[in-house]
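Fold and contact review
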Amino acid sequence: MSFDNGVYIGNSAFVLAIGAYPLAVVICSILAWWLRGRSKRKAAIVNLIPMLWIVAYGLLFILV
């Protein structure tokens, strides 16, 4: 549905951002697991990165 009016940079970026989210979750989870032994605070911060992605996505819908 993102490409109903043609192919534009904004539409392509939107679809790529949605598609890259699972990859970001996996990478952040692996990094957080690796950091867990050293610093639990850093591990928690790394685990919050995908949540920021969801917040930004929600704000996009609210503002547009």
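Every chain is numbered independently, its residues counted from 1 as its sequence is written. The model is predicted, so local features are restricted to residues of pLDDT at least 70 and side-chain atom pairs to those at 80 or more, both for listing and for counting; the totals for chains, interfaces and linings are taken over all residues. Excluded from the side-chain calculations are hydrogens and water; all other atoms, namely the structure's heavy atoms, are used.

1. Description of the nonpolar core
Inclusion rule: We call a set of buried residues a nonpolar core when its members are Ala, Val, Leu, Ile, Met, Phe, Trp, Tyr or Cys and they connect through side-chain atoms within 4.5 Å of each other. Throughout this description, buried means an accessible area under 20% of the type-specific maximum (1.4 Å probe, protein chains only), exposed means over 50%, and partly exposed covers the range between. Only heavy atoms matter for contacts: two residues are in contact if any of them lie within 4.5 Å across the pair.
Core analysis: the biggest nonpolar cluster contains five residues, these being C28, A32, L35, A43 and V46. Setting aside residues no more than four positions away along its own chain, A43 makes contact with A32, L35 and R36.

2. Focus: a nonpolar patch on the surface
To keep things clear, this is the line we draw: Within the patch definition used here, like charges are joined within 9 Å and nonpolar side chains (Val, Leu, Ile, Met, Phe, Trp, Tyr) within 5 Å, considering only residues with over 30% relative accessible area and no salt bridge. All accessibility values rest on the Shrake-Rupley procedure with a 1.4 Å probe; residue burial counts only the protein chains present in the view. Put simply, a salt bridge is a Lys or Arg side-chain nitrogen that is within 4 Å of an Asp or Glu carboxyl oxygen. Helix and strand definitions here come from DSSP, where helices need a minimum of 4 consecutive H or I residues and strands a minimum of 2 consecutive E residues; each element is numbered from the N-terminal end.
Together, I18, L48, M51, I54, V55, Y57, L59, L60, F61, I62, L63 and V64 make up an exposed nonpolar region whose accessible area comes to about 1200 Å². Note on placement: V55 falls in helix α2 (residues 40-63). On the accessibility criterion, V55 (43% relative accessible area) is partly exposed.

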